[in-house]
Amino acid sequence: PMNKLNAQYALRDYEAVIESFKPVAEAMGLPDKLTPDSQNIIVFAYLAFVLNREGHPDFAKYAKVLDTYFAGKTSIDFKELLDLESGVIYSILKDETDTSFDWINRMVDLEIAANTLNSPIYDGLRDSSKFSETAKRMEALQSKYRAEIEAQLANPKPNWIVPE
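Note that the structure is predicted; figures quoted are calculated from it, not measured.

**A look at the pattern of salt bridges**
Two side chains of opposite charge can pair, provided their charged atoms sit close to one another.
Reasoning step 1: For the structure shown, the criterion picks out 8 salt bridges.
Reasoning step 2: Among the ionic pairs, D123 bridges to R12, the shortest N-O distance being 2.7 Å. You can see D123 sitting in the loop between α6 (97–109) and α7 (129–154) and its partner R12 sitting in the loop between α1 (4–10) and α2 (14–28), a full 111 residues away along the chain.
Reasoning step 3: You can call R12 partly exposed: its relative accessible area is 33%.
Reasoning step 4: Between D109 and R137 there is a salt bridge, with its nearest N and O atoms 2.4 Å apart. Taken as a pair, D109 in helix α6 and R137 in helix α7 lie far apart in primary sequence, 28 residues in all.
Reasoning step 5: One network of salt bridges, with partners in common, ties together R12, D123 and R126.

**Here's the deal with helix α5 (residues 81–93)**
Reasoning step 1: Compared with the 18 Å implied by 1.5 Å per residue over 13 residues, the 18 Å span of α5 between its first and last C-alpha is a close match.
Reasoning step 2: In terms of burial, α5 is a largely internal element, 11 of the 13 residues being buried.
Reasoning step 3: Along α5, the positions that sit buried rather than exposed are D83, L84, E85, S86, G87, V88, I89, Y90, S91, I92 and L93.
Reasoning step 4: On its buried face, α5 sits against α3 (41–53), α4 (59–70) and α6.

**Focus on unusual backbone geometry**
Reasoning step 1: Cis rather than trans, the peptide bond between L30 and P31 has omega equal to -5°.
Reasoning step 2: Structurally, the position occupied by P31 is in the loop between α2 and α3.
Reasoning step 3: The phi dihedral of R12 is positive, around 65°, even though this residue is not glycine.
Reasoning step 4: One non-glycine residue, E111, adopts positive backbone phi at about 60°.
Reasoning step 5: The residue E111 is located in the loop between α6 and α7 in this model.

**Quick word on the packing of aromatic side chains**
Reasoning step 1: Under the defined criterion, the tally for this structure stands at 11 aromatic pairs.
Reasoning step 2: Centroid distance Y14 to F49: 6.0 Å. Interplanar angle 85°. Geometry classified as edge-to-face. A residue pair is termed long-range when its members are at least 10 positions apart, and Y14 in helix α2 and F49 in helix α3 qualify at 35 residues. There is no split in this pair, since Y14 and F49 are both buried.

Conventions adopted
- Residues numbered from 1 in each chain as written.
- Predicted model: local features only at pLDDT ≥ 70, side-chain atom pairs only at ≥ 80, totals over all residues.
- Heavy atoms only, no water.
- Salt bridge = Lys/Arg side-chain N within 4 Å of Asp/Glu carboxyl O.
- Helix = DSSP H or I, 4+ residues; strand = E, 2+ residues; numbered from the N terminus.
- Buried < 20%, exposed > 50% of the residue type's maximum accessible area, 1.4 Å probe, protein only.
- Expected span 1.5 Å × (residues − 1).
- Contact = heavy atoms within 4.5 Å.
- Phe/Tyr/Trp six-rings, centres within 6.5 Å; stacked < 30°, edge-to-face > 60°.

Structure representation (structure tokens):
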């Protein structure tokens, strides 16, 4: 199930996202007191994206964190999904469309493209011819995952717990 914050984001109600997340950001000391790493960089990236969309003055603080985290690095330097998704957002914020696709394709190449392309972060890329090509690659990967899961479910192993 989708929580309130995720629903607001999916509905592109960015002002509500900012208001909902404000107490959490304050409690965590964002962006100043938390050092970005591969587990939390996605929080900085999504917040930068939302703040940028709303023209919020705190955007610059989050953009600076992303600038520092990704300084001198490309998609090839990363292999974790959260880093790669954050790289997509970072590239979008810098208006580097081609680089955004480098990050997305890296996810697909590593077969970790768990995200669907329905996220609002991809709205600005949808009109690109590269987007439809990338979507096909991601859908093929998701179909592969689905087939593997269905095969496992069709042939449960003896140590699987099957409800009666």
